[in-house]
Amino acid sequence: MGDDGFLKPKAGFATQAIHVGHDPDKFGYGSVVLPIFNTSTFKQIAPAENLGYDYGRSGNPTRNCLEECLAALDGGTDAMAYASGLGATTTVVSLLSSGDHIVSIDDVYGGTNRLFRRVVDRLGIKTSFVNFTDLNDISEAIQENTKMIWIETPTNPILKVVDIAAIAKLAKSRGNIIVVVDNTFLTPYLQRPLDFGADIVVYSVTKYLNGHSDVIMGAAVVKDADLAERLRFLQMAMGVVPSPMDCFLVNRSLKTLALRMERHKKSSLHIAKWLQKHPKVTEVMHPGLPTHPQHELAKRQTSGHSGVFSFRHIGGLKESKKFLDTVKIFILAESLGGYESLAELPSLMTHASVPEHQRAELGISDSLIRLSIGLEDTEDLMEDIDQALKAAFE
Ligand SMILES: *Cc1c(COP(=O)(O)O)cnc(C)c1O
């Protein structure tokens, strides 16, 4: 009953996404769709004797079904869902102790940068921010007390791609360093970091995994029993857990993940290639373009790129503002990975919390615009970008 184990080793991605975690016989009544167990507590049959669940923070059937599915998609053994992507990051960093050290990629997600610099730092855990495209720089940054390497690839909003396998190998040669990959931008459909030697994959489930811009959630996936046990304990002990309703919504979203990612991938590459030839555009940062500096690595490590990419135009702040004011289909908003297309200005929005000197080093200027290509018709999106660029430079 409810045994989907036979699917995990051999079934394809879409089949696993649709069937792992729930089958109609699991809870009686034959419900084809995963039920929402909207309860905070569970009746016990005798003191400390229960039917598998005791209290909603430590476990909930809807949440556990989602977690099983997430684990399978990444080739992991265990997944933990958290209340947000940053909640997942906070919990993963709580594996460390005061005096430990983190080496993080320099253009990490803005919220992760802020968490490391302004919260984790105060707890006595220092972070070095390093350019991860040079292995020597990472090697030099590793100290005796380095316990975690934090990778994000591709990065945000510059779309740098870094070599997960090479960094994992370096980390293992330098002691017991936990390698974490924030895989939010690609999802397991396009990149599976555990296969390249990473220890923990973290997600802002808020983005592509949910894909409908109606849930804030995070997750961590592992295939090591000790890490699984420690993260499961922290999930319960720290309490950064999502609601059963949100777990239901995300589980539903996983059923179309393969379809959605195919469409995001195709549409964004098509638009990126077209933008490269646009007279007002000076640079398009998209790992699927042969001109991208790490295009070959991206081809080895991923099965394509998603819908997020950035471009630079010949103007400045005034033109960026006009562009964002003129787009009609693209919505001016932070976030990414939903069915709807979004556009934003990282220098004033998503990356405003990154210190100015760091923004300048990374190339996050006022002429850099980030797009999240949704699932609309590609031709309509190109027409929208074109009319807004024309208006910006009138
Ligand atoms: C959005 C995002 C996060 C944070 O996730 P929340 O769900 O907003 O807390 C972390 N990493 C990346 C790459 C993101 O895009």
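Residues numbered from 1 in each chain as written. Predicted model: local features only at pLDDT ≥ 70, side-chain atom pairs only at ≥ 80, totals over all residues. Heavy atoms only, no water.

Student: Tell me about the packing of aromatic side chains, and name the residues and values.
Tutor: All told, the structure shown has five aromatic pairs when counted by the stated rule. Ring centres of Phe-13 and Tyr-189 lie 5.2 Å apart, and the angle between their planes is 70 degrees; on these two criteria the pair is classed as edge-to-face. You can see Phe-13 sitting in helix H2 (residues 13–19) and its partner Tyr-189 sitting in helix H8 (residues 187–190), a full 176 residues away along the chain. A residue is classified by how much of its surface remains accessible, and Phe-13, at 18% relative accessible area, is buried. (Phe/Tyr/Trp six-rings, centres within 6.5 Å; stacked < 30°, edge-to-face > 60°. Helix = DSSP H or I, 4+ residues; strand = E, 2+ residues; numbered from the N terminus. Buried < 20%, exposed > 50% of the residue type's maximum accessible area, 1.4 Å probe, protein only.)

Student: Please give an account of the sheet that holds strand S6 (residues 200–204) that cites residues and values.
Tutor: Read from one edge of the open sheet, seven strands run S1-S7-S6-S5-S4-S2-S3, paired in mixed fashion. In the strand order of this sheet, the two ends are held by strand S1 (78–82) and strand S3 (126–130), each with one partner. Neighbour-to-neighbour, the strand axes of this sheet turn through a mean angle of 20 degrees, independent of strand direction. Pairing of S1 with strand S7 (residues 218–222) involves five bridges; the strand directions are antiparallel. Bridge pairing in S7 links Ala-79 to Val-221. (Pairing = 2+ DSSP bridges. Axes fitted to C-alpha atoms, helices over the stretch in contact; angles between N-to-C directions.)

Student: Explain the side chain of His-295 to me, using residue names and the numbers behind them.
Tutor: Within the secondary structure layout, His-295 lies in helix H12 (residues 295–301). Within the structure, His-295 has its side chain in polar contact with the backbone oxygen of Pro-287 (distance 2.9 Å). (Polar contact = N/O pair within 3.5 Å; in protein donor to acceptor, adjacent residues only side chain to side chain.)

Student: Pulling in residues and values, what's your account of helix H13 (residues 317–326)?
Tutor: Within H13 the residues assigned to the buried category are Glu-319, Ser-320, Phe-323, Leu-324 and Thr-326. Viewed along the axis of H13, the buried residues span an arc of 165 degrees, placing them on a single side of the element. Turned more than 90 degrees from where H13 packs its buried face, Lys-318 and Asp-325 sit exposed. Against the buried residues of H13 lie strand S9 (308–313), strand S10 (331–332), strand S11 (342–344), strand S12 (368–372) and helix H15 (378–392). (Arc of directions from axis to C-beta. Contact = heavy atoms within 4.5 Å.)

Student: Which residues make up the environment of Lys-318, and what values do they have?
Tutor: Tracing the sequence through the fold places Lys-318 in helix H13. The exposure class of Lys-318 is exposed, given its relative accessible area of 64%. Residues Lys-318 and Gln-387 lie 69 residues apart in sequence; the distance between their C-alpha atoms is 16 Å.

Student: Summarise the site of the ligand; cite the residues concerned and give the values.
Tutor: For the ligand, the full set of nearby residues is Ser-84, Gly-85, Leu-86, Tyr-109, Glu-152, Asp-182, Thr-184, Ser-204, Thr-206, Lys-207 and Met-217. Contacts to the ligand include Asp-182, whose side-chain N or O atom sits 2.7 Å from a nitrogen atom. Notes on the ligand: free accessible area 380 Å², of which the protein chains cover 92%. Split into classes, the residues belonging to the shell around the ligand amount to three nonpolar, five polar and three charged. (Near = heavy atom within 4 Å. Areas by Shrake-Rupley, 256 points an atom, 1.4 Å probe, with all protein chains shown as cover. Nonpolar A, V, L, I, M, F, W, Y, C, P; charged D, E, K, R; others polar.)

Student: Can you lay out the domain arrangement of the protein for me, pointing to particular residues and giving the numbers?
Tutor: Split into domains, the protein comes out as domain 1 (13–254) and domain 2 (258–392). Taking the mean C-alpha position of each, domain 1 and domain 2 sit 26 Å from one another. Contacts between domain 1 and domain 2 engage 39 residues on the former and 42 residues on the latter. Linking domain 1 with domain 2 are one salt bridge. A salt bridge links Arg-300 to Asp-163, with the shortest nitrogen-to-oxygen separation between them at 3.6 Å. On inspection of domain 1 and its partner domain 2, the count reaches 21 residue pairs in polar contact (both at pLDDT 80 or more). (Domains from an automatic or database assignment. Salt bridge = Lys/Arg side-chain N within 4 Å of Asp/Glu carboxyl O.)

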